[in-house]
Amino acid sequence: QVQLVESGGGLVQAGGSLRLSCAASGRTFRTYVMGWFRQAPGKEREFVADISWSGGRTSYADSVKGRFTISKDNAKNTVYLQMNSLKPEDTAVYYCAAKPPDRYEYDYWGQGTQVTVSS
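Small disclaimer: the values here were computed from a predicted structure and weren't measured.

**Observations concerning the overall build of the chain**
Alright, step 1. Along the chain, the regular secondary structure elements total zero helices and 11 strands.
Alright, step 2. Going from the N terminus to the C terminus, the chain shows its helices and strands as β-β-β-β-β-β-β-β-β-β-β.
Alright, step 3. In summary, the chain has a C-alpha radius of gyration of 13 Å against a globular reference of 14 Å for 119 residues, a match within 12%.
Alright, step 4. Along the three orthogonal principal directions, the C-alpha set of the chain runs to about 40 × 25 × 25 Å.

Written out as structure tokens, the structure reads:
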């Protein structure tokens, strides 16, 4: 069982930065793929970024590539999403998720944290 708790959301002006954190509990955290997703009002949830268990592989949605960075600290059981050059279209609830590396679907989800970017 893995439990995920996000933090770090808030209100920021366009061009600003935020860092989201996702604290995970559970012994299997270090073997899981960790991902960030977001859902804007009236839209479907979309993939933002993910990172392999070792941290050696990352992938990003085209819309955030070059602006967002995902990282993890296995010693702290925490995954981060550094968001720079934020745009109003980045406004959404951001969710942390986890899955075993051999699964396509994410099994575990956090409660989400709101990010609002003002123009």
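**Quick notes on the nonpolar core**
Alright, step 1. Membership of the largest hydrophobic core comes to 30 residues, with the highest contact counts inside it found for Leu4, Met34, Trp36, Leu81, Met83 and Tyr94.
Alright, step 2. Listed by contribution, the elements that provide at least two residues to this core are β3 (18-25), β4 (33-39), β5 (46-51), β7 (68-73), β8 (78-83), β9 (92-99) and β11 (113-118).

**Section: the packing of aromatic side chains**
Alright, step 1. As enumerated under the stated definition, the model contains five aromatic pairs in all.
Alright, step 2. Members of the aromatic cluster, each reached through a chain of ring pairs, are Phe37, Phe47, Tyr106 and Trp109.
Alright, step 3. Here Arg45 stacks its cationic end above the ring of Trp109, 3.7 Å away from the centre of that ring.
Alright, step 4. The residue whose ring lies beneath Lys99 is Tyr106, and the NZ or CZ to ring-centre distance is 5.5 Å.

**Quick word on the pattern of salt bridges**
Alright, step 1. In the structure shown here, the tally under the stated rule is six salt bridges.
Alright, step 2. Salt-bridge contacts for Asp62 lead to Lys65; the nearest nitrogen and oxygen are separated by 3.1 Å.
Alright, step 3. Among the residues examined, Asp62 registers a relative accessible area of 66% and is labelled exposed.
Alright, step 4. For Arg103, the salt bridge goes to Asp107, with nearest N and O atoms at 3.0 Å.
Alright, step 5. Exposure remark for Asp107: the relative accessible area of 34% places this residue in the partly exposed category.
Alright, step 6. One salt-bridge network, in which partners are shared between bridges, spans Arg38, Glu46, Arg67 and Asp90.

**Section: the environment of Val93**
Alright, step 1. Examined against the element boundaries, Val93 turns out to sit in strand β9.
Alright, step 2. The spacing of Val93 and Tyr106 is 13 residues in sequence and 17 Å in space, taken between C-alpha atoms.
Alright, step 3. Contact partners of Val93, with chain neighbours within four places excluded, come to Phe37, Arg38, Gln39, Gly112, Thr113 and Gln114.

**Here's the deal with the sheet that holds β8**
Alright, step 1. One open sheet holds the four strands; their spatial order is β1-β3-β8-β7, and the pairing between them is antiparallel. Looking at strand neighbours, the two that pair on one side only are β1 (3-7) and β7, the edges of this open sheet. Strand-to-strand twist of the sheet, defined as the mean angle between neighbouring strand axes without regard to direction, takes the value 15°.
Alright, step 2. As judged from the six bridges shared by β3 and β8, these two strands associate in the antiparallel manner. Paired with Ser21 across the strands is Tyr80, a residue of β8.

Rules and cut-offs
Within every chain, residues take consecutive numbers counted from 1 along the sequence as written. Selection of residues for local features in this predicted model requires a pLDDT of at least 70, selection of side-chain atom pairs for listing and counting requires 80 or more, and totals for whole chains, interfaces and linings are taken over all residues. For side-chain calculations, the full set of non-hydrogen atoms in the structure is used, while hydrogens and water are omitted. Under the scheme used here, helices are H or I runs from DSSP no shorter than 4 residues and strands are E runs no shorter than 2 residues, and both carry numbers assigned from the N terminus. In this description the radius of gyration comes from C-alpha coordinates, and the expected globular size is given by 2.2 Å times residues to the power 0.38. Note on terminology: a nonpolar core comprises buried Ala, Val, Leu, Ile, Met, Phe, Trp, Tyr and Cys residues joined through side-chain atoms within 4.5 Å. Note on classification: 1.4 Å probe, protein chains only; a residue is buried when its accessible area is under 20% of the maximum for its type, exposed when over 50%, partly exposed between these limits. What counts as a ring pair is set by centres within 6.5 Å for rings of Phe, Tyr and Trp (its six-membered ring), and what kind of pair is set by the plane angle: stacked under 30 degrees, edge-to-face over 60, tilted for all other angles. Only when the NZ of Lys or the CZ of Arg is both within 6 Å of the ring centre and within 35 degrees of the ring normal is a charge said to sit over the ring. Each salt bridge in this description consists of a side-chain nitrogen of Lys or Arg and a carboxyl oxygen of Asp or Glu lying within 4 Å of one another. Whether two residues are in contact is decided by their heavy atoms: any pair within 4.5 Å suffices. Here, any two strands with at least 2 DSSP bridges between them count as paired. With axes taken as lines fitted to C-alpha atoms, and helix axes fitted only over the stretch in contact, angles between N-to-C directions fall between 0 and 180 degrees.

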